[in-house]
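Summary of the model geometry
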Amino acid sequence: MDSEIVDAVLDWDSTPFSGGYEGLSELADGEFSGAITEGTAWAFMLKGRVIGIEDGTMSAFERADGTAYIAPSPALPLLYVLQSRGEKQTQYYTNEKPISEADETLSSGGFTGYIELSENVLSGDYYTVYHKGKSMSVAFVGNSQQLLTDDEAFERADDEVGIYSVYAADLELLEIPEPAGASDSTEQPPEDTDPSNANGETAAETSRGDSTAAESDSQSQIPEDTHPSAEQASPPVDEPAGSAAKATSNRSTSPTAESDENTPAVTRTNSSSNGTEADTAATESVFNDEAEWRNSKTIPSLDPSDDPSETEQTTRSQQSTAQSRSALGSMSRRQLQKRLKRAEQIMQKAEAQHEQLVEQRDVLKAERDSAREELRAVKTKLSEAEAEIERLNSQLESGASPQSNLDDNIVPSGRSMSTTEALKGTNLLVRYASKGDSTLEDAASGSADQPAVKQNLRIDPHTTFDSEHVSVDGQPFEAFLDSRIELKFVRWLTEEFLFDIRETNNQADLNGIYEALPAINRAELRGSISLGTDEDEDELTATFDLVVRDKRDRPLFVADFNESKQPVGGGMVNTLIRDGSEIVQQNESFAAAFAVTTSYYKGAALDAAADATGGGLLSASRGKSFVYISRKQGFHLCLVEQLDDTFDLHVPEL
């Protein structure tokens, strides 16, 4: 058996197993779902029915002792058996054919197999298993492989974007043999060795003993039918019956026997006539089961217009449901009590798990809030430290203190500000000398060239302070701003980037950026964006080196800069991906996040970008370097390198 399946099963809750076939029968009576091993062979059970044996045969469990592993979901043992036998039939892209559409077709077609959604999906692996059209769903989500089941797993899978495959498989339910010696004891009629009972025995007791012995002899000579008749039809996968249910369906009792347990069973009459009718019914059942098996083995067409037998398959499914209800109605009181007790146990376990998950959620939320507060404090301290470092470096390079600069009239007299303080109070306004001349909108439509737009476009700084009499770390504000990477990047963004996209014919692949560039109104230095509020109604924000907005103050682009000589690793890129994912859920206008460096990008940064943007079929659907948040939401991720006074788009490549 596959080692990954073995590792997964060994993580389930376990209980000792003993008694060979008798122990298996006890598990079947309890409608056990999971896996049993005697050390080598593995038997998988679904609600009391043996659905497959791996690395051995049923005989390996005849007198075996071992361990039974309880599945956290009934779908898992069925999935592992189908995976070992499945044959890939076809695959689809979720945007072309949603999983819910395929599920409807497979269910109505009586399909046996499973759907696997894992290719090009970052969040996890999703499965829907089928047996004769009945389905269950499971999913393994996140790095922790959290298990989701039933409707929650199916709905998450149906909302994902990726490629799913359909596998068909053969599945044969196995009967548990009777323990050795069990049949011999039922064939021998009881012997009365006490002669004192002979005179006191009533005629009714004598008649009852004869009748019981005759019936026992008659039953012992009936061969076991491997194909159940219509009255013995196997229940569907969502309600497999145990061995007790099988014994009830095979036992023939009279209405009197059902009302009074002490009343003897009625002796069979007209055995010849009834035998002929039973043979006929068994023969018809054999052909019906064979037809149903062939139907479930073949994957139905996922296009209903291509399936001429859809009506026939729907009718067969309805008949199967009616038979299941009939079998449920014929259950004994003892069987119903067992099922009720099992359901109560499952409910209690589910409630306990729910309470545990709620506690874990509350703990994780508290840790998240604490981490956010710590991150904000660290960012504030980092900004202050960077400002102090820049101020000291400036003094060292100039060889003089700010006071000496003032004395030499290098800096006009007035207020002195730190770099961080000056940038926080500065916005860059994107304006035109004449709106009647060439604009970025004209360039996007193809009616204006770059020289004309560049000549008409201007970038005006706007500050919340009087910049004429302000020095920033010993340098006049105007000279300070002209040397900043933020201003150079905004000029490249407005004067060159749109034309680079147009000249390389990447308008479609970078459509979100191309359409947003003409809408630029201002660039906010050291800007922040609201991400909504948390459960305590506290506002959440994300801060960036640059936030580019439109006229209605909606964010279009964000950028973070690395001006050190050290190369950029995965941390900076992952932070942009995380914050950009939050922004796009609050603002549909958001188009792209830029990482800008004066050094270069390490392999970890490129890997992080590749993992977030998916690549292959997914990236082609919405353009280059596109981070998907959902089927309809996402943004472009761009890695830019500054080379001297020019900028080069490193990811994606134009």
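Everything that follows concerns the structure shown earlier in this document.
Keep in mind it's a predicted model, so treat the numbers as computed, not measured. (Residues numbered from 1 in each chain as written. Predicted model: local features only at pLDDT ≥ 70, side-chain atom pairs only at ≥ 80, totals over all residues. Heavy atoms only, no water.)

**Focus: the overall build of the protein chain**
Broken down by element type, the protein chain carries 23 helices and 23 strands. Counting the 654 residues in the protein chain, one finds 39% classified as buried. Look at the contacts in the protein chain between residues 6 or more apart in sequence, and 69% of them connect residues 24 or more apart. (Helix = DSSP H or I, 4+ residues; strand = E, 2+ residues; numbered from the N terminus. Buried < 20%, exposed > 50% of the residue type's maximum accessible area, 1.4 Å probe, protein only. Contact = heavy atoms within 4.5 Å.)

**As for the sheet that holds strand E7 (residues 113-119)**
An order of E6-E11-E7-E8-E9-E10 is seen for the six strands of this open sheet, with the pairing classed as antiparallel. Each edge of the open sheet is held by one strand with a lone partner, namely strand E6 (87-93) and strand E10 (146-149). When the angles between neighbouring strand axes are averaged without regard to direction, this sheet yields 20°. One ladder, built from eight bridges, connects strand E8 (residues 124-131) with strand E9 (residues 134-141); its direction is antiparallel. (Pairing = 2+ DSSP bridges. Axes fitted to C-alpha atoms, helices over the stretch in contact; angles between N-to-C directions.)

**Observations regarding the sheet that holds strand E15 (residues 470-472)**
Across a sheet, paired strands are connected by hydrogen bonds in the backbone, their directions being either parallel or antiparallel. In space, the three strands of this open sheet follow the order E12-E15-E16, with mixed pairing throughout. Each end of this open sheet is capped by a strand with a single partner; those strands are strand E12 (415-417) and strand E16 (475-476). Bridging between E12 and E15 involves three bridges; their strand directions are parallel. Among the inter-strand pairings, methionine 417 is bridged to a residue of E15, identified as valine 472.

**Regarding a negative patch on the surface**
Negative charge collects at one region of the surface, where Asp2, Glu4, Asp7 and Asp11 lie side by side. Tracing the chain through its elements places aspartate 2 in the segment before helix H1 (3-10). On the basis of relative accessibility, which here comes to 44%, the residue aspartate 2 falls in the partly exposed class. (Patch = residues over 30% accessible without salt bridge, like charges linked within 9 Å, V, L, I, M, F, W, Y side chains within 5 Å. Areas by Shrake-Rupley, 256 points an atom, 1.4 Å probe, with all protein chains shown as cover. Salt bridge = Lys/Arg side-chain N within 4 Å of Asp/Glu carboxyl O. Lys, Arg positive; Asp, Glu negative; His and termini not counted. Charge placed at Lys NZ, Arg CZ, Asp CG, Glu CD.)

**Concerning the packing of helix H21 (residues 570-586) against helix H22 (residues 603-613)**
Packed helix pairs are characterised by how far apart their axes lie and by the angle those axes make with each other. Closest axis-to-axis distance for the H21/H22 pair is 7 Å, and the angle between their directions is 25°. Comparing the axis directions of H21 and H22 gives the class roughly parallel. Here H21 contributes Gly570, Val573, Asn574 and Ile577 to the contact with H22, which in turn contributes Ala604, Ala605, Ala608, Ala609 and Ala612. By residue class, the composition of the contact of H21 with H22 is seven nonpolar, two polar and no charged. (Parallel < 35°, antiparallel > 145°, perpendicular 65-115°, else oblique. Nonpolar A, V, L, I, M, F, W, Y, C, P; charged D, E, K, R; others polar.)

**A word on helix H19 (residues 485-503)**
Given 3.6 residues per helical turn, the α-helix brings residues three or four places apart onto the same face. When the terminal C-alpha atoms of H19 are compared, their 25 Å separation across 19 residues agrees well with the 27 Å that a helix rising 1.5 Å per residue should span. Where H19 bends most, at glutamate 496, the angle is about 45°. One or two residues past the end of H19 sits asparagine 505, with phi positive at roughly 60°. (Expected span 1.5 Å × (residues − 1). Bend = angle between axes of the 7 residues up to and from the residue.)

**Details of the pattern of salt bridges**
Counted by the stated rule, this structure contains 19 salt bridges. Between glutamate 101 and lysine 97 there is a salt bridge; the shortest N-O distance is 3.1 Å. Overall, glutamate 101 belongs to the partly exposed group, its relative accessible area being 33%. When the shortest N-O distance is used, the salt bridge between arginine 458 and aspartate 460 registers 2.8 Å. Take arginine 458: its relative accessible area is 37%, and that puts it in the partly exposed class. You can call aspartate 460 partly exposed: its relative accessible area is 26%. Counted as one network, the salt bridges with shared partners bring together Arg484, Glu486, Arg526, Asp545 and Glu563.

**A look at the environment of leucine 10**
Take leucine 10: it is sitting in helix H1. As for leucine 10 and alanine 68, which are separated by 58 residues in sequence, their C-alpha atoms are 9.9 Å apart. With near-sequence residues (within four places) excluded, leucine 10 lies in contact with Trp42 and Tyr69.

**Here's the deal with the environment of glutamate 31**
For glutamate 31, the location among the structural elements is in the loop between helix H2 (21-29) and strand E2 (34-37). On the basis of relative accessible area, glutamate 31 is assigned to the buried category, the value being 17%.

**Re the pairing of strand E17 (residues 522-533)**
The pairing of strand E13 (residues 426-432) with E17 spans three bridges and is antiparallel. Bridging across to E17, leucine 428 finds its partner in alanine 523. The sheet contact formed by E17 and strand E18 (residues 539-549) spans nine bridges and is antiparallel. For leucine 525, the partnering residue across the bridge sits in E18 and is leucine 546. The hairpin turn running from E17 into E18, its antiparallel successor, is five residues long, and glutamate 537 in that turn takes a positive phi close to 65°.

**Section: the packing of helix H4 (residues 99-108) against helix H5 (residues 150-159)**
Contact geometry for H4 and H5: axes closest at 8 Å, N-to-C directions at 125°. Considering the angle they form, H4 stands oblique to H5. On H5, the residues touching Ile99, Ser100 and Asp103 of H4 are Phe154, Ala157 and Asp158. Among the residues making up the contact of H4 with H5, the classes are represented as three nonpolar, one polar and two charged.

**As for unusual backbone geometry**
A cis amide bond links valine 651 to the next residue, proline 652, at an omega of 0°. Within the secondary structure, proline 652 sits in the segment after strand E23 (646-651). Residues other than glycine seldom take positive phi values, yet asparagine 120 does so here, at roughly 60°. The phi torsion at glutamine 145 lies on the positive side, around 55°, for a residue other than glycine. Along the chain, glutamine 145 falls in the loop between E9 and E10. Given a relative accessible area of 42%, glutamine 145 falls into the partly exposed group.

**A closer look at the packing of aromatic side chains**
The tally for this structure, following the rule as stated, stands at 18 aromatic pairs. Between phenylalanine 590 and phenylalanine 635, the aromatic rings sit 5.4 Å apart at their centres with planes inclined by 50°, giving tilted as the arrangement. One end of the pair, phenylalanine 590, is in the loop between H21 and strand E20 (592-597); the other, phenylalanine 635, is in strand E22 (residues 634-643), and 45 residues separate them in sequence. Here phenylalanine 590 matches phenylalanine 635 in class, with each residue buried. Judged by centre distance (5.2 Å) and plane angle (75°), the ring pair of phenylalanine 626 and tyrosine 628 falls under edge-to-face. (Phe/Tyr/Trp six-rings, centres within 6.5 Å; stacked < 30°, edge-to-face > 60°.)

**Quick word on helix H3 (residues 75-85)**
Of all 11 residues making up H3, eight are buried, and the element is well covered by its neighbours. Looking at H3, one finds that the buried residues are Ala75, Leu76, Pro77, Leu78, Leu79, Tyr80, Val81 and Leu82.

**So, the nonpolar core**
With 50 residues, the main nonpolar core has Phe489, Leu493, Phe557 and Phe594 as its most contacted residues. A total of 10 residues in this core trace back to one element, the largest contributor, which is H19. Ignoring any residue separated from it by four or fewer positions in sequence, one finds phenylalanine 557 in contact with Leu493, Ile513, Ala516, Leu517, Ile520, Leu546, Val547, Val548, Phe590, Ala591, Ala592 and Phe594. (Core = buried A, V, L, I, M, F, W, Y, C linked by side-chain atoms within 4.5 Å.)

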